Amino acid sequence: MARTASTAVEPGQRRWRFDRAELAGAVADLGVLVPIAVGLIVTCGLSPTAVLLPAGLLYVVSGLVYRVPVPVQPLKAFGAIVIAQDLGADVIASGALLIGVIFVVLGGTGVLGRLARVFPRPIVRGIQLSVGMLFVHLAWDLVTEPPAALADHARPTWWLLGGAVAVAVAALALRRHGITLVLLAVAVAGMVLAYRGPLDLGPSPLQPPHLSWSALATAAVVLVLPQIPLTFANACLATADTARAYFGDAASRVRPGRLAVSLGAANLLVGAIAGMPVCHGAGGMSAHRGFGARTGGAPVALGSALVVVGLTLGASLTAVLAGFPVPILAGLLAVAGLLHVVLLKDLRHPAHWALALAVGVTGVLSNLAIALVGALVVWYSVRAVLAWRERAAAEA
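For every chain, the first residue of the written sequence is number 1, and numbering continues from 1 along that sequence. Totals for whole chains, interfaces and linings use all residues, but because this is a predicted model, local features are given only for residues with pLDDT of at least 70 and pairs of side-chain atoms are given and counted only at 80 or more. Side-chain metrics rest on all non-hydrogen atoms present in the structure, leaving aside hydrogens and water.

### Notes on the overall build of the protein
- Note on conventions: DSSP H or I runs of at least 4 residues are helices, E runs of at least 2 residues are strands, and numbering of each starts at the N terminus. Counting its regular elements, the protein contains 17 helices and two strands.
- Note on method: radius of gyration uses C-alpha positions; expected globular size equals 2.2 Å times residues raised to 0.38. For a compact globule of 396 residues, the expected C-alpha radius of gyration is about 21 Å, and the protein comes in at 21 Å, within 12% of that figure.
- For the protein, the C-alpha atoms occupy an extent of roughly 85 × 50 × 45 Å along the three principal directions.
- We call two residues in contact whenever any of their non-hydrogen atoms come within 4.5 Å of each other. Taking all contacts inside the protein whose residues are at least 6 apart in sequence as the whole, residues at least 24 apart take part in 89%.
- All accessible-area figures derive from a Shrake-Rupley calculation using a 1.4 Å probe, and residue coverage is judged against the displayed protein chains alone. Element-wise, carbon and sulfur atoms account for 69% of the exposed surface of the protein, whose accessible area totals about 16400 Å².
- Here the positive residues are Lys and Arg and the negative ones are Asp and Glu; neither His nor the chain ends is included. Taken as the charge location is NZ of Lys, CZ of Arg, CG of Asp or CD of Glu. Of the charged side chains in the protein, 26 are positive and 15 negative, and the gap between their average positions amounts to 10 Å.

### Notes on the pattern of salt bridges
- For this analysis, a salt bridge means a side-chain nitrogen from Lys or Arg found within 4 Å of a carboxyl oxygen belonging to Asp or Glu. Scanning the entire structure with this criterion turns up four salt bridges.
- Where Arg 125 meets Asp 241, a salt bridge forms, and the shortest distance between an N and an O atom there is 2.2 Å. Residue Arg 125 is located in helix 7 (residues 121–144), and its partner Asp 241 is located in helix 10 (residues 213–247); the two are separated by 116 residues in the primary sequence. Both residues of the pair, Arg 125 and Asp 241, count as buried.
- Here Asp 152 and Arg 155 are joined by a salt bridge, their closest N and O atoms 3.0 Å apart.
- Partly exposed describes any residue whose relative accessible area lies between the buried limit of under 20% and the exposed limit of over 50%, with all areas from a 1.4 Å probe on protein chains only and scaled to the type maximum. For Asp 152, a relative accessible area of 9% corresponds to the buried category.
- Salt bridges sharing common partners tie together Arg 17, Asp 19 and Glu 22.

### Observations concerning the packing of aromatic side chains
- Aromatic rings from Phe, Tyr and Trp, with only the six-membered ring used for Trp, were paired whenever their centres fell within 6.5 Å, and each pair was classed as stacked if the ring planes differed by under 30 degrees, edge-to-face if by over 60, and tilted otherwise. Scanning all chains against the criterion turns up one aromatic pair.
- Each ring, one from Tyr 246 and one from Phe 247, has its centre 6.2 Å from the other, and the planes form 75 degrees; the classification is edge-to-face. Just as Tyr 246 is buried, Phe 247 falls in that class too.
- Over a ring means this: the NZ of a Lys or the CZ of an Arg is within 6 Å of the ring centre and within 35 degrees of the ring normal. The positively charged end of Arg 155 is found above the aromatic ring belonging to Trp 159, 4.3 Å away from the centroid.

### Focus: the confidence of the model for the protein
- Residue-level confidence of the predictor is summarised by pLDDT, bounded by 0 at the bottom and 100 at the top. Across the protein, pLDDT averages 84, with 93% of residues at or above 70.
- No element of the protein has a lower mean pLDDT than helix 4 (residues 76–85), at 71, and none a higher one than helix 11 (residues 256–273), at 95.
- Across residues 1–12, where pLDDT falls below 50, the model places 30 contacts with residues more than four positions away in sequence or in other chains.

### What to know about a nonpolar patch on the surface
- Patches in this entry comprise residues that are over 30% relatively accessible and not in a salt bridge; like charges within 9 Å are linked, as are nonpolar side chains (Val, Leu, Ile, Met, Phe, Trp, Tyr) within 5 Å. A surface patch of nonpolar side chains, about 370 Å² in accessible area, is lined by Trp 140, Leu 161, Val 165 and Val 169.
- Broken down by element, the nonpolar patch gets its largest block of residues, three residues, from helix 8 (residues 157–173).
- The residue Val 165 is located in helix 8 in this model.

### Things to note about the environment of Gly 95
- The residue Gly 95 is located in helix 5 (residues 89–108) in this model.
- A residue is classified by how much of its surface remains accessible, and Gly 95, at 0% relative accessible area, is buried.
- Between the C-alpha atom of Gly 95 and that of Thr 144, which follows or precedes it by 49 residues, the distance is 30 Å.
- With residues up to four places along the chain from it excluded, the contact list for Gly 95 reads Phe 78, Ala 219 and Val 224.

### A few points about the state of the cysteines
- Disulfides are defined as cysteine sulfur pairs within 2.5 Å. Using the criterion set out here, one finds zero disulfides in the structure.
- Note on Cys 236: no disulfide assigned, nearest cysteine sulfur contributed by Cys 279 at a separation of 8.6 Å.
- Under the relative-accessibility criterion, Cys 236 is labelled buried at 0%.

### Some details on the packing of helix 8 against helix 15 (residues 326–341)
- Between helix 8 and helix 15, whose axes approach to 7 Å, the crossing angle comes to 50 degrees. Of the possible angle classes, the one that applies to helix 8 and helix 15 is oblique. Seen along the crossing, helix 8 lies across helix 15 with a hand that is right-handed. Across from Trp 159, Leu 160, Gly 163, Ala 164, Val 167, Ala 168, Ala 171 and Leu 172 in helix 8, the residues of helix 15 making contact are Val 326, Pro 327, Ile 328, Ala 330, Gly 331, Leu 332 and Val 335. For helices, the axis comes from a line fit to the C-alpha atoms of the stretch in contact; other axes are also lines fit to C-alpha atoms, and the angle between any two N-to-C directions lies between 0 and 180 degrees. Roughly parallel means an angle under 35 degrees; roughly antiparallel, over 145; roughly perpendicular, 65 to 115; everything else is oblique. Left-handed describes a crossing whose near helix is turned anticlockwise from the far helix through less than a right angle; right-handed describes the clockwise counterpart.

### A short note on helix 3 (residues 48–66)
- By definition here, a helix of n residues has an expected span of 1.5 Å times n minus one. Taking 1.5 Å per residue as the helical rise, helix 3 with its 19 residues ought to reach 27 Å, and the 27 Å between its terminal C-alpha atoms agrees with that figure.
- Counting buried residues in helix 3 gives 15 out of 19 residues, a clear majority hidden from the surface.
- Looking one or two places after helix 3, you find Arg 67, whose phi comes out positive at around 70 degrees.

### Some points on the side chain of Asn 234
- Summarising the element assignment, Asn 234 is placed in helix 10.
- Since its relative accessible area comes to 1%, Asn 234 is described here as buried.
- For Asn 234, the contacting residues outside a window of four places in its chain are Lys 76, Ile 127, Val 131, Thr 239, His 280, Gly 281, Ala 282 and Gly 283.

### Focus on the environment of Pro 122
- Its location among the elements puts Pro 122 in helix 7.
- Classification of Pro 122 as buried rests on a relative accessible area of 4%.
- Taking the C-alpha atoms as reference points, Pro 122 and Trp 353, separated by 231 residues in sequence, lie 7.0 Å from one another.
- For Pro 122, the contacting residues outside a window of four places in its chain are Leu 347, His 352, Leu 355, Ala 356 and Trp 379.

Below you can see the structure in the form of structure tokens.
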């Protein structure tokens, strides 16, 4: 994958840092994690501890291994389908196990790394544009049709939208000053005020799934097939490219094949305890970096917090998370999307811009797999025609 000249890492920078900027960047991607986690816990009945534990552990491992703020996010297409169709824990676990096996094999054998070299930068930027637009769209859906599981769902749309805009403006204007820590403190206060009932300490029960051929078949067709192109493109290719664009040589450990192995291994754990399927994500890296994260300290800090919360408050977490303010979720999600769209700025040729825009818009309006296949056909067809013309001119 081609590198950009941009780098945000100074010579001699520490591998792990835990200052205010790092912690502010650590919590910047909660706008993606919390809505899907709440939906899976409340709508599908997953154990809160099973949802948070694998995500937290993958965050910690990512910080220690990659040494830059590589994010951890729910499998978005997977999660959306699960919530919309109210699929059970056994089907979710089956899908996670299938995703885990597929990406461990692809990454471990080196196949995915070779595939990554097929995708030129304009197509990768188109993938990133698609993800950024998807984040903004998800933010809009949060304020116009908030999940019934969240306490804010009964508030008027104008109140939610106005709050989200205010959060987004504040986040953009003050993102160098730890604003996400302030917003998180407000969110925690909102959850405390909204909570009703006794607080039960300790983890929620962990139960292995009951696997069957029927559950595996349903998961493969309904969940895994729609998710694989997005995970391959965004969690592996685009995340590795985004890391290089932001952090230069400091991101040398962030490679598509390694990302595939780490997310695949995490999903094997997810499947074993019937939790929330997870991946990496280029949009999350934009969020973490945009709000101050520069080292592996951010994912280690957030991952440790998720593990602690899952083990100490898991028994009460379903009711606690329902009080997370929707404007904060939507505002941070929208900002992460906008920061991700800005990655297109390093494209120079008008044709490259056109191809990236086509991939991004098609990925949002239709299907990312269709966008990728179409873009690859166009890219290599044009290259073949240009090469043929050069040979014909040389022979003439």
